[in-house]
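# Breakdown of the fold
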Amino acid sequence: MRALLAAMIVAGATSVAVADDVLVTADDGATYVISADGTWQPAIVGTGEDGLTYLLLGDGTWRLSGADAGIDGVFRDAVEAAVRQYEPDLDDGERDQVMDCVMAAFEPLSDEDKQALIDVDIDPDREMQERLEQSYPGLGDDLEACL
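To start, this report covers the structure provided alongside it. (Residues numbered from 1 in each chain as written. Predicted model: local features only at pLDDT ≥ 70, side-chain atom pairs only at ≥ 80, totals over all residues. Heavy atoms only, no water.)

### Concerning a negative patch on the surface
- A surface patch of like charges, here negative, comprises Asp119, Asp121, Asp123, Asp125 and Glu127.
- Positionally, Glu127 belongs in helix α5 (residues 126-135). (Patch = residues over 30% accessible without salt bridge, like charges linked within 9 Å, V, L, I, M, F, W, Y side chains within 5 Å. Areas by Shrake-Rupley, 256 points an atom, 1.4 Å probe, with all protein chains shown as cover. Salt bridge = Lys/Arg side-chain N within 4 Å of Asp/Glu carboxyl O. Lys, Arg positive; Asp, Glu negative; His and termini not counted. Charge placed at Lys NZ, Arg CZ, Asp CG, Glu CD. Helix = DSSP H or I, 4+ residues; strand = E, 2+ residues; numbered from the N terminus.)

### Details of the pattern of salt bridges
- With the rule as written, the count across this model stands at four salt bridges.
- Of the charged contacts in the structure, one is a salt bridge between Arg131 and Asp113, with a shortest N-O distance of 2.9 Å. Of the two residues, Arg131 is situated in helix α5 and Asp113 in helix α4 (residues 111-119); the sequence distance between them amounts to 18 residues.
- Residue Asp113 is classed as buried on the basis of its relative accessible area, which comes to 10%. (Buried < 20%, exposed > 50% of the residue type's maximum accessible area, 1.4 Å probe, protein only.)

### So, the nonpolar core
- Phe75, Val79, Phe106, Leu117, Ile122 and Leu139 are the most contacted members of the largest nonpolar core, which totals 22 residues.
- Breaking this core down by element, the ones donating at least two residues are α2 (66-86), α3 (92-106), α4, α5 and α6 (139-146).
- For this core, the element with the most residues is α3, which contributes six residues.
- Leu23, Val33, Ala43 and Leu55 belong to the second largest nonpolar core, which has five residues in total. (Core = buried A, V, L, I, M, F, W, Y, C linked by side-chain atoms within 4.5 Å.)

So yeah, pure geometry; function would need other evidence.
This is how it looks when you write it as C-alpha cells:
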C-alpha cells in the first residue's frame, strides 16, 4: 500500500485533502481516496447539478468532497462508520435502508449537536442521550425503529 502511494506521489500525482482523507490523481488519470487509516480505494470525481463536488467511491458509496461536505457530510460519514461498526452483518441494501432511516431521524439536529455526536464517535453517554431526547422528542424511538 505504501509503495503504491509513494509511486503515485513520486510519479507527479496531484493530491487534495478530503476531510481526513487524501484524494490522489495519478499521472495516468486514475483517482484514489487514501483514508487516514491507510486504506485506499478508487474514486470518480464529478460536479453535481448543484455545483458541488462529489466522490463516487470504488465501494459504490458517494459523498461530497472537501469543504463542500460541511458538517452534514462529515456527520453522514461518522454515522455510516458507526452503522458499519455496530451492525457489521448488514448487506449493502440493508445498510442503505438503515442509513436512510438513521439520517432521517437525525435530520432535526443542530450543527452543534451533530458535531457533539461526531466528537464521541456517534456513541453518546447516558447524559448526552437524555439531553438529545429532551431537545428532540422521539429521537430515541426513531433511531430504535431503524435498527
